[in-house]
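One letter stands for each residue in the lines below.
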Amino acid sequence: MKLILERINKRFTSSEVYIISTLIILNVILIYCFFIEFSVYTTFLYNLFLIGIIVLISKIFEFKQNRGVLRQVYLVPFIFLVYTNVRVIINILFSNDYDSILIKIDELILGNQIGIILKPFINPILTEYLQICYFMFFIMPIIHITELSRRENHNDFDKLTRNIIFGFMFSYLLYLFIPAIGPRFTIFEFSQISKELPGLFFTDYIRELVNVGGGIPLNSLNPAIDVNRDCMPSGHTMMTTINIYFAYKFQSKLRYLFYIIGISLIFSTMYLRYHYFIDIIAGLIFAYISIKFESIIYQKLKKNG
């Protein structure tokens, strides 16, 4: 095992290892899925293709002996490319969603649903602001990574990038345990969201972009069927918390901006009816676990590399 780890570390960065390992885990699951729906072989081959691309690019960097900023940044698109796997696997392995369980847990904790509790506070100005904050989910880590990449010492940049990539990969695997679609479909009427949560200028456009990114095609006839089952835990909460933590740890110049938008974003997941309250709690817990777990794995790789 030590010899294998040494060879891996000579060839790949830890971030590359995280993505490749996730793709291998997903492919192992897909092998089981073959017996249920053979057509998933296309996703299996797609994952092998992604692994092949990373191996090829890592070989190019190996020749150049370059493990700098570009070596990390090129992996960012793979965060989105790996995400497409989750939908395929969940659709094969699960015939039912687990929203009913999450609804009951929220009722036990709060006595009601968070979306209903927040109804008296609905305001177009607040909705507009929170919808914009929600959309900043992917943008904030990119801004943070860009800022740290400009520092002379790239250790902070490397650690943030590693944790962002690891956190995303970890969250994708977690979605496979409790697939759920969220309160905008189960507690509320999805088609009435724009009327019940009106914004000002950009809300409807951003909401449509979020829907498409979440698997709902434009003019979908069955949005509850089309949407990705990625509600539990809240990836928005999990990744935003990780970003906030490192903004504080590395004393980012933009840390107060990340604090304000980040906390607003986490609140928006409930206000805008994307998530249950328990999703947020789980997101906070798994953000902590992700940071600790990544550190352990990285030290293990570093020790053998």
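What you see is a predicted model; the values in this text were computed from it and never measured.

**Topic: the overall build of the protein**
Now for step 1: From N to C terminus, the protein includes 17 helices and 0 strands.
Now for step 2: Taken over C-alpha atoms, the radius of gyration comes to 20 Å for the protein, in line with the 19 Å a tight globule of 305 residues would show.
Now for step 3: Projected onto the principal axes, the alpha-carbon positions of the protein cover approximately 60 × 50 × 35 Å.
Now for step 4: Residue pairs in contact within the protein that sit at least 24 positions apart in sequence constitute 83% of those at least 6 positions apart.
Now for step 5: When the accessible surface of the protein is totalled, it reaches about 15,500 Å², and 67% of it is carbon and sulfur.
Now for step 6: Counting 27 positive and 21 negative side-chain charges, the protein places the averaged centre of each group 12 Å from the other.

**Points about the layout of surface pockets**
Now for step 1: The computed volume of the largest pocket comes to approximately 630 Å³.
Now for step 2: Lining the largest pocket we find 29 residues, and of these Tyr83, Phe138, Gly213, Gly214 and His236 sit closest to its centre.
Now for step 3: Looking at the lining of the largest pocket, the elements that each hand over two or more residues are helix H5 (76–93), helix H8 (124–135), helix H10 (155–175), helix H13 (203–213) and helix H15 (235–249).
Now for step 4: Residues of the lining of the largest pocket, tallied by class, amount to 19 nonpolar, 8 polar and 2 charged.

**So, the packing of helix H2 (residues 14–33) against H10**
Now for step 1: The contact between H2 and H10 brings their axes to 9 Å, and the two run at 10 degrees. Between H2 and H10, the angle is such that the two are roughly parallel. Here Ser14, Ser15, Tyr18, Ile19, Thr22, Ile25 and Leu26 of H2 lie close against H10, whose contacting residues are Thr161, Arg162, Ile165, Phe166, Met169 and Leu173.
Now for step 2: When grouped by side-chain class, the residues that make up the contact of H2 with H10 number 8 nonpolar, 4 polar and 1 charged.

**Focus: the side chain of Asn163**
Now for step 1: Tracing the backbone shows Asn163 in helix H10.
Now for step 2: The class for Asn163 is buried, based on a relative accessible area of 1%.
Now for step 3: Among the polar contacts listed, one links the side chain of Asn163 to the backbone oxygen of Lys159, at a separation of 2.9 Å.
Now for step 4: One polar contact links Asn163 to Glu294, side chain to side chain, over a distance of 3.3 Å.
Now for step 5: Discounting residues that sit within four places of it in the chain, Asn163 has contacts with Met239, Ile242, Phe246, Ser290, Ile291 and Glu294.

Criteria and thresholds
Residues numbered from 1 in each chain as written. Predicted model: local features only at pLDDT ≥ 70, side-chain atom pairs only at ≥ 80, totals over all residues. Heavy atoms only, no water. Helix = DSSP H or I, 4+ residues; strand = E, 2+ residues; numbered from the N terminus. Rg over C-alpha atoms; globule rule 2.2 N^0.38 Å. Contact = heavy atoms within 4.5 Å. Areas by Shrake-Rupley, 256 points an atom, 1.4 Å probe, with all protein chains shown as cover. Lys, Arg positive; Asp, Glu negative; His and termini not counted. Charge placed at Lys NZ, Arg CZ, Asp CG, Glu CD. 1 Å grid on protein atoms, 1.4 Å probe; cavity = no way out; pocket = protein on both sides within 12 Å on 5 of 7 lines; lining within 4 Å. Points joined across faces, edges and corners; volume = space filled by probe spheres on them. Nonpolar A, V, L, I, M, F, W, Y, C, P; charged D, E, K, R; others polar. Axes fitted to C-alpha atoms, helices over the stretch in contact; angles between N-to-C directions. Parallel < 35°, antiparallel > 145°, perpendicular 65-115°, else oblique. Buried < 20%, exposed > 50% of the residue type's maximum accessible area, 1.4 Å probe, protein only. Polar contact = N/O pair within 3.5 Å; in protein donor to acceptor, adjacent residues only side chain to side chain.

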